[in-house]
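Below, each chain spelled out in residue letters.
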Amino acid sequence: MRRRYVFLTSNGHKFREAEELFIEEGLALEWRRGSYPEIQGDTLEEVAMAAAKALEEGVFIEDSGLFIDALKGFPGVYSSYILKTIGNEGILRLMEGVEDRGARFESVVAYRGRDEVKIFKGVVRGNISPSIRGSAGFGYDPIFIPEGHARTFAEDYAIKKKISHRVKSIKMLIRYLKEM
Ligand code: IMP
């Protein structure tokens, strides 16, 4: 019998990024459109783990964020709220005159197995761009330039699909599911 995997998220971009990787591996992925209660935690792992405990077997969630070195990891676990309030313009304003542009995206997948929650974490390092550039992707993609590249994720979505934090965490999940 074919197993059923379900991604619980309200974000269609996240779902499509994950679905593509599942399809490449010959697995089907169902989209459950919805949100889950998020506790106020210090790390993405804490937030994702707490939420995944309430899920049924075969369902996973993904919590992600942008962590800027010069801002001591801000917006981090507050990424969603900060994007909604000050947005990419606000982040660039906070970074005005700041030389160290280093940042990372983190993606934490929490998969509810039969007896436990499994956590998979993907990270991609890069730099905050001096301006908002590109229209592909979503969220902070227009201000994030991955390490070793010159264009933002929103300008070069093909690169995002190869090396992003989410590609890494979802691939780890798929490897785990295939080995089960
Ligand atoms: P959450 O995991 O849905 O709470 O997302 C946290 C915030 O980070 C949201 O505002 C997202 O738009 C943003 N975000 C998450 N993943 C990405 C990404 O791959 N690119 C750009 N922004 C992202």
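Note that this is a predicted model, so its numbers are computed, not measured.

Criteria and cut-off values
Residues numbered from 1 in each chain as written. Predicted model: local features only at pLDDT ≥ 70, side-chain atom pairs only at ≥ 80, totals over all residues. Heavy atoms only, no water. Helix = DSSP H or I, 4+ residues; strand = E, 2+ residues; numbered from the N terminus. Rg over C-alpha atoms; globule rule 2.2 N^0.38 Å. Buried < 20%, exposed > 50% of the residue type's maximum accessible area, 1.4 Å probe, protein only. Contact = heavy atoms within 4.5 Å. Areas by Shrake-Rupley, 256 points an atom, 1.4 Å probe, with all protein chains shown as cover. Lys, Arg positive; Asp, Glu negative; His and termini not counted. Charge placed at Lys NZ, Arg CZ, Asp CG, Glu CD. Core = buried A, V, L, I, M, F, W, Y, C linked by side-chain atoms within 4.5 Å. Near = heavy atom within 4 Å. Polar contact = N/O pair within 3.5 Å; in protein donor to acceptor, adjacent residues only side chain to side chain. Nonpolar A, V, L, I, M, F, W, Y, C, P; charged D, E, K, R; others polar. Arc of directions from axis to C-beta. Phe/Tyr/Trp six-rings, centres within 6.5 Å; stacked < 30°, edge-to-face > 60°. Lys NZ or Arg CZ within 6 Å of the ring centre and 35° of its normal. Pairing = 2+ DSSP bridges.

Caption draft 1: Expanded view of the overall build of the protein. When its secondary structure is counted, the protein shows 6 helices and 6 strands. Starting at the N terminus and walking to the C terminus, you meet the elements of the protein as β-α-β-α-β-α-α-β-β-β-α-α. The C-alpha atoms of the protein give a radius of gyration of 16 Å, which matches the 16 Å a tight globule of 180 residues would have. If one aligns the C-alpha atoms of the protein with their principal axes, the spans along those axes are about 55 × 35 × 25 Å. Burial analysis of the protein (180 residues in total) assigns 48% to the buried set. Restricting the contact set of the protein to residue pairs at least 6 apart, pairs at least 24 apart contribute 58%. Carbon and sulfur atoms make up 50% of the accessible area of the protein, which amounts to about 9,400 Å² in all. For the protein, the separation between the mean place of its 28 positive charges and that of its 27 negative charges on side chains is 3 Å.

Caption draft 2: Main features of the nonpolar core. Within the largest apolar cluster, 18 residues are counted, with the highest numbers of intra-cluster contacts made by F22, L29, F60, Y111, I170 and L173. If you list the elements that add at least two residues to this core, you get α1 (12-24), β4 (102-112) and α6 (165-179). Tallying contributions element by element places α6 first for this core, with 6 residues. Dropping the residues within four chain positions of it, L173 is found in contact with F22, F60, V109, Y111 and F120. Judged by nonpolar contacts, the second largest core, of 15 residues, contains I68, I143, F153 and I159.

Caption draft 3: View of the side chain of R166. Assignment of secondary structure puts R166 in helix α6. Not counting residues up to four positions away in its chain, the partners in contact with R166 are K14, E17, E62, S64, S107, F138 and K160.

Caption draft 4: Broad picture of the site of the ligand. Lining the immediate surroundings of the ligand are 15 residues, of which K14, S64, D141, K160 and R166 lie closest. Within the backbone of Y140, an N or O atom sits 3.0 Å from a nitrogen atom of the ligand. Residue R166 places a side-chain N or O atom 2.8 Å away from a nitrogen atom belonging to the ligand. In the complex, the protein chains occlude 90% of the 480 Å² of accessible area that the ligand would expose alone. Counting only elements with at least two residues in the shell around the ligand, the list comes to β3 (59-68), α3 (79-85) and α6. Per-class residue counts for the shell around the ligand are 4 nonpolar, 5 polar and 6 charged.

Caption draft 5: Representation of helix α2 (residues 44-52) in the model. Here α2 has its buried residues at L44, V47, A48, A51 and A52. Along the axis of α2, the buried positions cluster into a sector of 120 degrees, meaning they face one direction only. The inward-facing, buried residues of α2 contact β3, β4 and β5 (117-128).

Caption draft 6: Representation of the packing of aromatic side chains. Inspection of every chain in the model, using the stated rule, returns 11 aromatic pairs. Ring plane angle 20 degrees and centroid distance 4.6 Å describe the contact between F7 and F60, whose orientation is recorded as stacked. With F7 in strand β1 (residues 6-9) and F60 in strand β3, this residue pair connects regions lying 53 residues apart in the sequence. Comparing F7 with F60 shows no difference in burial state: the two are buried. Pairing F105 with F144 gives two aromatic rings, centres 4.5 Å apart and planes at 50 degrees, and the pair type is tilted. Remark: F144 occurs in strand β6 (residues 144-146) and F105 occurs in strand β4; sequence separation between them is 39 residues. F144 carries the same exposure label as F105, and that label is buried. The ring centre of W31 lies 3.9 Å from the NZ or CZ of R33, which sits over that ring.

Caption draft 7: Quick look at the pairing of β5. Across 11 bridges, β4 lies against β5 in antiparallel orientation. Following the sheet pairing, A110 is matched in β5 by I119. A loop of 4 residues connects β4 with β5, the two strands running antiparallel in sequence. When β5 meets β6, the two strands line up antiparallel, connected through 3 bridges. Its bridge partner being in β6, I128 is matched across the sheet by F144.

The quantities given are spatial measurements derived from coordinates; they are silent on function.
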